[in-house]
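# Breakdown of the fold
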Amino acid sequence: MTHRTIPCGPGNPLRVVVVGAGAMGQNWLTAVTDEPGTELVGIADLDLDVARRSAAGLGRPDLPVGADAVALAADTDAQALVNVTVPAAHHPVTATALFAGLPVLGEKPVADTLGRALSLAAASEVTGELFMVSQSRRWNRQLFALRGMLEELGAIGTLTTEFFTSPHFGGFREEMAYPLLIDMAIHTFDSARFLLGAEPVSAYCQAYNPPWSWFSGDAAASAVFEMEGGARYVYNGSWCSPGAETSWNGAWRASGEKGSALWDGDNEPVLVADIRPAERPRSPYEGVGGALRVFAESLRTGSTPMGEVHENTMSLAMVEAAVLSARTGQRVLLDDVLDQARAAALREETRSDVRAALAGWPSIRGVLASRHQAPPAAAPA
Ligand SMILES: NC(=O)c1ccc[n+]([C@@H]2O[C@H](COP(=O)([O-])OP(=O)(O)OC[C@H]3O[C@@H](n4cnc5c(N)ncnc54)[C@H](O)[C@@H]3O)[C@@H](O)[C@H]2O)c1
């Protein structure tokens, strides 16, 4: 099954409303404005002053604004929505848009819970509208190069990430439970799935808060995931770690049959193996601008983009599995987490057509895997 296509391109740009004009929304407003294949036709935010200020900041004070994204999209003949609201608003805003006939490009995480993420995947099936999640740190040329190296190393035994930074955000991140796992580690977990080309089987995690932490919730975590095929993905991170800080992409090591590969997260990865380097795939696109371009191309061609909701949801499942393991002290099976999430979605979902789609999935893991897309073809470095 594929999604509805929309004839669009640089000569006929996709008309887009951006919803959520907060910190990250500004990046998306710039991306939609700069991309020749898209046209910004409105800004929605619950806080209309924020929307108006953002329009003025773009030099377009007359740009339509509104508090209700889907109503604004109807008023402006928009063809798609970019959802950069807070995680709790991802499900309501995206579901309403899909059922109004609008494809959606959303910020990570898919939704604030795995159950709501599954509901959105089912809503995308029911409506036939594309829902793609932008996991911006996946659109990185060096990460693509590292993936190519892992393919050359043969079987991979261990993949590790060290993530040590010391940001003072203020605001919700310093108040929430498990800020590192929920707000940040999803990027590295998503990259690990991409690098290994494998899905998680189980998670064991300890989360803790260093005594000097300025976060209320656990700002440090150590997790081990068993991946399909037997590799272990090991994550070790802290948001309270001044000195010798790693890249925000983390510092990576892959240990394989024929050697190792290292990536410091900011510079070209290094292959340490006695093998002849092969031509390696590169991401043709970078960051949120890259995700936006791929979204528009997928709408035009009908192709399934990397980050399509089904594929992306397993990254959120890794987060929920790690949090559950940290809470219970037990090793957690991803299939159990997926089953519990579907049960929650069936309880919460108000639309009978979405409930029927969810209930009809023969295997949650199988359905999520069914939309997997190979990374974009190699492009010039
Ligand atoms: N990819 C990245 O590297 C990255 C970085 C930062 C944030 N993010 C993600 O971007 C999203 C937004 O984060 P942020 O830091 O910009 O948050 P923010 O709080 O700065 O901005 C969110 C905005 O959404 C608006 N909003 C909330 N609910 C709404 C609704 N129902 N309708 C319309 N507007 C609504 C709020 O008024 C606010 O202006 C989050 O999902 C976050 O995880 C991603």
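Note that residues are indexed from 1 along each chain, following the sequence as it is written. With the structure being a predicted model, the display of local features is reserved for residues of pLDDT at least 70 and the display and counting of side-chain atom pairs for 80 or more, all residues being used for whole-chain, interface and lining totals. Each side-chain value is derived from all of the structure's non-hydrogen atoms; neither hydrogens nor water enter the calculation.

### Regarding the overall build of the protein chain
To keep it simple, the criterion reads: Each helix is a run of H or I in the DSSP string that is no shorter than four residues. Each strand is a run of E no shorter than two, and both are numbered from the N terminus. Any residue under 20% of the maximum accessible area for its type is buried, any over 50% is exposed, and the rest in between are partly exposed; the area is computed with a 1.4 Å probe on protein chains only. In this description, contact between two residues means that some pair of their heavy atoms is separated by no more than 4.5 Å. In short, Shrake-Rupley with a 1.4 Å probe defines the accessible areas, and a residue's cover is counted only from the protein chains shown.
A tally of helices and strands in the protein chain yields 12 helices and 14 strands. With respect to the three principal axes, the spread of C-alpha positions in the protein chain is 55 × 45 × 45 Å. Here the protein chain, with 381 residues, has 55% of them falling under the buried criterion. Once local pairs closer than 6 in sequence are excluded, the contacts in the protein chain between residues at least 24 apart make up 73%. Accessible area of the protein chain: about 15300 Å², with a carbon and sulfur share of 52%.

### Quick look at the domain arrangement of the protein chain
Which entries qualify depends on this criterion: Domain start and stop positions are those given by an automatic or database domain assignment. Note: buried area is the sum, over both parts, of the accessible area (probe 1.4 Å) each one loses when the two are combined. Each salt bridge in this description consists of a side-chain nitrogen of Lys or Arg and a carboxyl oxygen of Asp or Glu lying within 4 Å of one another.
Domain annotation for the protein chain reports domain 1 (14–137 + 287–312 + 330–369) and domain 2 (141–273). Centre-to-centre, using C-alpha coordinates, domain 1 lies 25 Å away from domain 2. Counting residues at the interface gives 14 residues for domain 1, matched by 20 residues for domain 2. For the pair domain 1 and domain 2, the two sides together bury roughly 1500 Å², of which 48% comes from carbon and sulfur. Along the contact surface separating domain 1 from domain 2 lie 4 salt bridges. Among the ionic pairs, Arg365 bridges to Glu228, the shortest N-O distance being 3.0 Å. Counting only elements with at least two residues in the side of domain 1 that touches domain 2, the list comes to helix 9 (309–328) and strand 14 (332–333).

### Comments concerning the packing of aromatic side chains
Basically, it comes down to this: Centre distance within 6.5 Å is the pairing criterion for rings of Phe, Tyr and Trp, where only the six-membered ring of Trp is used; planes under 30 degrees apart are then read as stacked, over 60 as edge-to-face, and the remainder as tilted. Consider the ring centre and the ring normal. A charge sits over the ring if Lys NZ or Arg CZ is within 6 Å of that centre and within 35 degrees of that normal.
Counted under the stated rule, the structure contains 13 aromatic pairs. Pairwise contacts between aromatic rings join Phe163, Phe169, Trp214, Phe215, Trp239 and Trp248 into one cluster. Between the NZ or CZ atom of Arg147 and the centre of the ring of Phe194, over which it lies, the distance is 4.8 Å. Directly above the aromatic system of Phe99 lies the positively charged group of Arg351, at a separation of 3.6 Å from the ring centroid.

### What about the site of the ligand?
Rules: It suffices for a single heavy atom of a residue to lie within 4 Å of a molecule or strand for the residue to be listed as near it. Pairing of N or O atoms within 3.5 Å defines a polar contact, subject to two protein rules: one partner must be a possible hydrogen donor and the other a possible acceptor, and residues neighboring in sequence count only if both atoms are side-chain atoms.
Residues in contact with the ligand amount to 20 residues; listed here are only the nearest, Met24, Asp45, His90, Lys108 and Ser136. At 2.8 Å from an oxygen atom of the ligand is found a main-chain nitrogen or oxygen belonging to Met24. Between the ligand and the protein, one listed contact pairs a nitrogen atom with a side-chain N or O atom of Glu107 at 3.4 Å. Out of a free accessible area of 860 Å², the ligand has 79% covered by protein chains.

### Some thoughts on empty space enclosed by the protein
Rules: Cavities and pockets were defined on a 1 Å grid built over protein atoms only: a cavity is a set of grid points that admits a 1.4 Å probe from which the probe cannot escape, a pocket is an open set flanked by protein on both sides within 12 Å along at least five of seven lines, and lining residues are those with an atom within 4 Å of any such point. Grid points are joined across faces, edges and corners, and a volume is the space filled by probe spheres set on the points.
Under the counting rule described, the total for this entry stands at 5 cavities of 30 Å³ or more. Top element by residues in the lining of the second largest cavity is helix 7 (residues 179–196). It accounts for 4 residues.

### Side note on the packing of helix 5 (residues 114–127) against helix 9
Our working rule: The axes are straight lines fitted to the C-alpha atoms, using for helices just the contacting stretch, and the angles between their N-to-C directions are given from 0 to 180°. Orientation is classified from the angle alone, with under 35 degrees giving roughly parallel, over 145 giving roughly antiparallel, 65 to 115 giving roughly perpendicular, and any other angle giving oblique. Think of it as three bins: nonpolar holds Ala, Val, Leu, Ile, Met, Phe, Trp, Tyr, Cys and Pro, charged holds Asp, Glu, Lys and Arg, and polar takes everything else, Gly as well.
Their axes nearest at 9 Å, the elements helix 5 and helix 9 cross at an angle of 175 degrees. For the element pair helix 5 / helix 9, the angle class is roughly antiparallel. Facing Leu114, Ala117, Leu118, Leu120, Ala121, Ser124 and Glu125 of helix 5, the residues of helix 9 in contact are Val309, His310, Thr313, Leu316, Ala317 and Glu320. Residue composition of the contact of helix 5 with helix 9, by class: 8 nonpolar, 3 polar and 2 charged.

### So, a nonpolar patch on the surface
Filter applied, for reference: What makes a patch is a set of residues exposed beyond 30% relative accessible area and free of salt bridges, joined within 9 Å when like-charged and within 5 Å when nonpolar (Val, Leu, Ile, Met, Phe, Trp, Tyr).
Residues Leu262, Val270 and Val272 make up a contiguous nonpolar surface patch of about 220 Å² in total accessible area. The residue Val272 is located in strand 13 (residues 270–273) in this model. Classification of Val272 by relative accessible area gives partly exposed; the value is 48%.

### Considerations on the side chain of His310
Examined against the element boundaries, His310 turns out to sit in helix 9. Contacts of His310, omitting those with residues within four sequence positions, involve Ala121, Glu125, Trp361, Val367, Leu368 and Arg371.

### Concerning the sheet that holds strand 5 (residues 104–107)
Applied cut-off: If DSSP finds at least two bridges between two strands, the strands pair.
One open sheet holds the 6 strands; their spatial order is 3-2-1-4-5-6, and the pairing between them is parallel. Whereas interior strands pair on both sides, the edge strands pair on one side only; in this sheet they are strand 3 (65–66) and strand 6 (131–134). Pairing analysis gives 2 bridges linking strand 2 (residues 38–44) to strand 3, with the strands arranged parallel. Residue pairing across strands places Ile43 opposite Val65, the latter belonging to strand 3. The strands touched by helix 4 (residues 87–99) are strand 1 (14–19), strand 4 (80–83), strand 5 and strand 6; relative to strand 4, the strand with the most contacts, the crossing angle is about 175 degrees.

### Let's talk about the UniProt feature "domain: Gfo/Idh/MocA-like oxidoreductase N-terminal" (unreviewed entry) in the protein chain
Test applied: UniProt positions are given in the numbering used here, feature names are shortened, and annotations may be inferred rather than shown by experiment.
Under the UniProt annotation, the feature "domain: Gfo/Idh/MocA-like oxidoreductase N-terminal" (unreviewed entry) is placed at residues 14–133. Taken end to end, residues 14–133 has its terminal C-alpha atoms 18 Å apart, with 47% of it in helix and 22% in strand.

### Some words on the pairing of strand 5
Put simply, the rule is: Every crossover in which the path from the first strand over the helix to the second runs clockwise, viewed with the strands pointing away from the viewer, is termed right-handed.
The side-chain alternation of strand 5 yields two buried faces, one formed by Val104 and Gly106 and the other by Leu105 and Glu107. Pairing of strand 4 with strand 5 involves 3 bridges; the strand directions are parallel. Counterpart to Leu81 in the pairing with strand 5 is Val104. You can see the chain leave strand 4, run along helix 4 and come back into strand 5, and the turn it takes is right-handed. Taken together, the 4 bridges between strand 5 and strand 6 define a ladder with parallel strand orientation. Opposite Gly106, over in strand 6, you have Val133 as the bridge partner. In this view, the connection linking strand 5 to its parallel neighbour strand 6 by way of helix 5 has right-handed handedness.

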